[in-house]
Amino acid sequence: MSDQCHFIDLRSDTVTKPSEKMRAAMAQAEVGDDVYGEDPTINRLEARAAEIFGKEAALFVPTGTMGNTVAVKMHTNHGEEVICDARSHLLDWELSMMAWFCGCLARPIPTSDGILTWKQVAAALRPKGPDNAPTTLITLENTHNMWGGTVYPQETIDEICAEAHARGLKVHIDGARIFNAAVASQTTVARIARDVDSVMFCLSKALGAPVGSLVVGTRAAIAQARLYRKRLGGGMRQAGILAAAGLIALEESPAGLVTDHANARYLAERLSELPPIEIDAPSVKTNIVIFDISGLGVSTFEFSRGLKEKGILANGINATHMRMVTHRDVSRQDCEVAAEVVRDWALVLRSNLNRHSPVTV
Ligand code: TLP
């Protein structure tokens, strides 16, 4: 067992370990060469993903980043513009693949919660003319990671799709955590995705599989995506051993997300009792808790270091905001411990602050 096992790990839902059932399925998986289309377990996973999302086809990719990259590429040509929100994962955390591989320019829109509206999108479309690169794709992140797991209202997605399609534009969802969105909205991923042209979703985040994401869309688009995946070096061979764990994650994990959401809300509520930590607890609807510690007089780096000494792993997303992500490998009891540790650490920092602040008479 690694040392990490002794920590309560809230850095991300990517840190989960495969369950015994996943390991057993991996050991027994029927496999073949997937570049020849001959891996039965991958074929099963892709067919099932397409079915669950109500789309024609799906493609298994090793990572969410590769999934988003091939999706952007399949909808665009070099020199075009892609609309996204200003703090989207596609823009900030994927090593500029939109530029590097797809040759497209991101047109970011600032928001207060990561949720784009058609009005904002319409204002960012490039007018046709001799000087403007055409806009061809709109990307939506649902749930939105850096804004604390926020969820798109269905009518907003539907409106964006209707207006975009009327203008010949495509819509892609970065749905790394789309099952969290579905659970929070008490709907299905198929309904969320009904009108969009593609979705990338991750098996290896909240769903708890060790590796893997899928892109879903039309048969023609996914055939293109398969070629782009190969170009990126993502043509896998007997990867059915990974798909076997992914199938279990896909079928069984969505039911457990409601617990992760309740744990995140619990954490958020406890943190909101600790001024000067700032968090709007009622806005926490899924499994991501982001809180502002700038009032404590330390950077998130120092804050994380202090938490780690007390057995809690959590990272900053910038100099002032911390992120905690609940997942299947943390329990309510772990969240209670984490909340206590944050409380004690915040009290120490707060009293240090008071001691060092100038005396006023
Ligand atoms: N997110 C990771 C980090 O990269 C920040 C995390 O710990 O949350 N879309 C979204 C919305 C994501 O949150 C992530 C990963 C991805 C795409 C990329 O997935 P991977 O890591 O599989 O390439």
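Residues numbered from 1 in each chain as written. Predicted model: local features only at pLDDT ≥ 70, side-chain atom pairs only at ≥ 80, totals over all residues. Heavy atoms only, no water.

(A) Quick look at the side chain of Asp-260. Mapped onto the elements of the fold, Asp-260 is located in helix H12 (residues 257-272). It turns out Asp-260 is buried and unbridged, and the closest side chain with the opposite charge, Arg-328, is 7.4 Å from it. Every residue in contact with Asp-260, bar those within four places of it in the chain, is listed here: Thr-286, Asn-287, Thr-326, His-327 and Arg-328. (Helix = DSSP H or I, 4+ residues; strand = E, 2+ residues; numbered from the N terminus. Buried < 20%, exposed > 50% of the residue type's maximum accessible area, 1.4 Å probe, protein only. Lys, Arg positive; Asp, Glu negative; His and termini not counted. Salt bridge = Lys/Arg side-chain N within 4 Å of Asp/Glu carboxyl O. Contact = heavy atoms within 4.5 Å.)

(B) Quick peek at the sheet that holds strand S12 (residues 321-325). Strand order in this open sheet of three strands is S9-S12-S11, and the pairing throughout is antiparallel. In the strand order of this sheet, the two ends are held by strand S9 (288-292) and strand S11 (315-316), each with one partner. Sheet topology note: the S9/S12 ladder contains five bridges and is antiparallel. Paired with Val-289 across the two strands is Met-324, which belongs to S12. Across the sheet, helix H13 (residues 300-309) is in contact with S9, S11 and S12; its angle to S12 comes to roughly 40°. (Pairing = 2+ DSSP bridges. Axes fitted to C-alpha atoms, helices over the stretch in contact; angles between N-to-C directions.)

(C) Layout of the domain arrangement of the protein chain. Domain parsing of the protein chain yields domain 1 (4-14 + 256-353) and domain 2 (19-253). A separation of 28 Å is found between the C-alpha centroids of domain 1 and domain 2. Contact residues are listed per partner, giving 16 residues for domain 1 and 22 residues for domain 2. When the two sides are added together, the surface that domain 1 and domain 2 hide from each other amounts to roughly 1500 Å², 55% of it contributed by carbon and sulfur. At the junction of domain 1 and domain 2, the tally comes to one salt bridge. (Domains from an automatic or database assignment. Buried area = accessible area lost by both parts, 1.4 Å probe.)

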